[in-house]
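Tertiary structure, described
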Amino acid sequence: MSTLSIDVQRAAVEDAAEIAAVHDAAWRYAYRGILDGVELERMIERRGPRWWAKAIARNVAMLVIKVEGRVAGYATLGPSRMRALPFRGEIYELYLHPDMHGVGLGRRLFEEARAALADMHLDGLVVRVLAANVVGIGFYERLGGQEVVGSSEKIAGRLVPVTVYAWPPVGRG
């Protein structure tokens, strides 16, 4: 009988190519049919291995979840960009390779990101999700996220509806 190795750790420059591959597959899965195809391809191309290596080298707060030593997903996090809300932390991105959906890795990565935000003294957290991303909406609702506001984001010259979910500080409900 063997056991499966699953680890969550801070991203390292050596992870950049695998993060880029996860980003590519996850964005195609999540946004095909939601975002214009040409613009989606441009957005994915901009975030190749070199882009990720630079982000990691700049100390962007980024976690990866690895299965048997291979990156299966990533999360970027930091201070909330929505200062009017009483939640100080934000998970900017949380993506898994589509082949890894449904086995609990997303929940584990989310909880590790939430704990990392608490360690950074960023109490409570928010996540922005494109309103048409039903997979993302369902994921965050299953994790107990409460919809706090609707917003929009300009992507490729057009406003796209966004839903903002929030969680209270860890240990406070």
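It should be noted that the structure appears before, not after, this text.
Let me begin by describing the structure that accompanies this report. Every value quoted in this text rests on a predicted model; they were computed, and no experiment measured them.

Topic: the pairing of strand S3 (residues 70-79)
- Among the 10 residues of S3, eight are classified as buried, and the element is accordingly described as predominantly covered.
- In terms of strand pairing, strand S2 (residues 62-67) meets S3 through six bridges, oriented antiparallel. The residue bridging Lys 66 from the neighbouring strand is Val 71, located in S3.
- A loop of two residues connects S2 with S3, the two strands running antiparallel in sequence, and Glu 68 in this loop sits at a positive phi of about 55 degrees.

Here we look at the sheet that holds strand S7 (residues 158-167)
- Pairing in this open sheet of seven strands is mixed, and the strands run S1-S2-S3-S4-S5-S7-S6 from one edge to the other. Looking along the sheet, the strands with just one partner apiece sit at the ends: strand S1 (6-10) and strand S6 (146-155). For this sheet the average axis-to-axis angle between neighbouring strands, irrespective of direction, equals 25 degrees.
- On top of the sheet, helix H4 (residues 105-119) reaches S1, S2, S3, strand S4 (89-96), strand S5 (125-130) and S7; it is set at about 155 degrees to S4, its chief contact.

A word on the packing of helix H1 (residues 16-31) against helix H2 (residues 37-46)
- In the contact formed by H1 and H2, the axes pass within 10 Å of each other and the chain directions differ by 160 degrees. Between H1 and H2, the interaxial angle falls into the category roughly antiparallel. For the pair H1 and H2, the crossing hand works out as right-handed. Of the residues in H2, those touching H1 at His 23, Asp 24, Trp 27, Arg 28 and Tyr 31 are Leu 40, Glu 41, Met 43 and Ile 44.
- Of the residues belonging to the contact of H1 with H2, the class tally is five nonpolar, one polar and three charged.

Some details on the pattern of salt bridges
- A complete count under the given rule lists nine salt bridges for this structure.
- Between Glu 153 and Arg 128 there is a salt bridge, and its shortest N-O distance comes to 2.9 Å. With Glu 153 in strand S6 and Arg 128 in strand S5, the pair connects residues that are 25 residues apart, well separated along the chain.
- For Glu 153, a relative accessible area of 32% gives the class partly exposed.
- Through salt bridges with shared partners, a single ionic network connects Asp 24, Arg 28 and Glu 41.

Structural notes on unusual backbone geometry
- One non-glycine residue, Asn 59, lies in positive phi territory at about 65 degrees.
- Locating Asn 59 in the fold gives a position in the loop between helix H3 (49-57) and S2.
- Overall, the relative accessible area of 60% leaves Asn 59 in the exposed class.
- Backbone geometry at His 121 places phi at a positive 60 degrees, although glycine is not the residue there.
- You can see His 121 is positioned in the loop between H4 and S5.

Concerning the packing of H4 against helix H5 (residues 134-142)
- Where H4 meets H5, the closest approach of the two axes is 11 Å, and the angle between their N-to-C directions is 65 degrees. Crossing hand, H4 versus H5: right-handed. Mapping the contact onto sequence places Gly 106, Arg 107 and Phe 110 in H4 and Phe 139, Tyr 140 and Arg 142 in H5.
- In terms of residue class, the contact of H4 with H5 is built from three nonpolar, one polar and two charged.

Points about H5
- Among the residues of H5, those classed as buried are Gly 136, Ile 137, Gly 138, Phe 139 and Tyr 140.
- The secondary structure elements touched by the buried residues of H5 are S4, H4, S5 and S7.
- Taken from the residues just after H5, Gly 144 is the one with a positive phi, measuring 90 degrees.

Rules behind the numbers
- Residues numbered from 1 in each chain as written.
- Predicted model: local features only at pLDDT ≥ 70, side-chain atom pairs only at ≥ 80, totals over all residues.
- Heavy atoms only, no water.
- Buried < 20%, exposed > 50% of the residue type's maximum accessible area, 1.4 Å probe, protein only.
- Helix = DSSP H or I, 4+ residues; strand = E, 2+ residues; numbered from the N terminus.
- Pairing = 2+ DSSP bridges.
- Axes fitted to C-alpha atoms, helices over the stretch in contact; angles between N-to-C directions.
- Contact = heavy atoms within 4.5 Å.
- Parallel < 35°, antiparallel > 145°, perpendicular 65-115°, else oblique.
- Left-handed = near helix turned anticlockwise from the far one by under 90°.
- Nonpolar A, V, L, I, M, F, W, Y, C, P; charged D, E, K, R; others polar.
- Salt bridge = Lys/Arg side-chain N within 4 Å of Asp/Glu carboxyl O.

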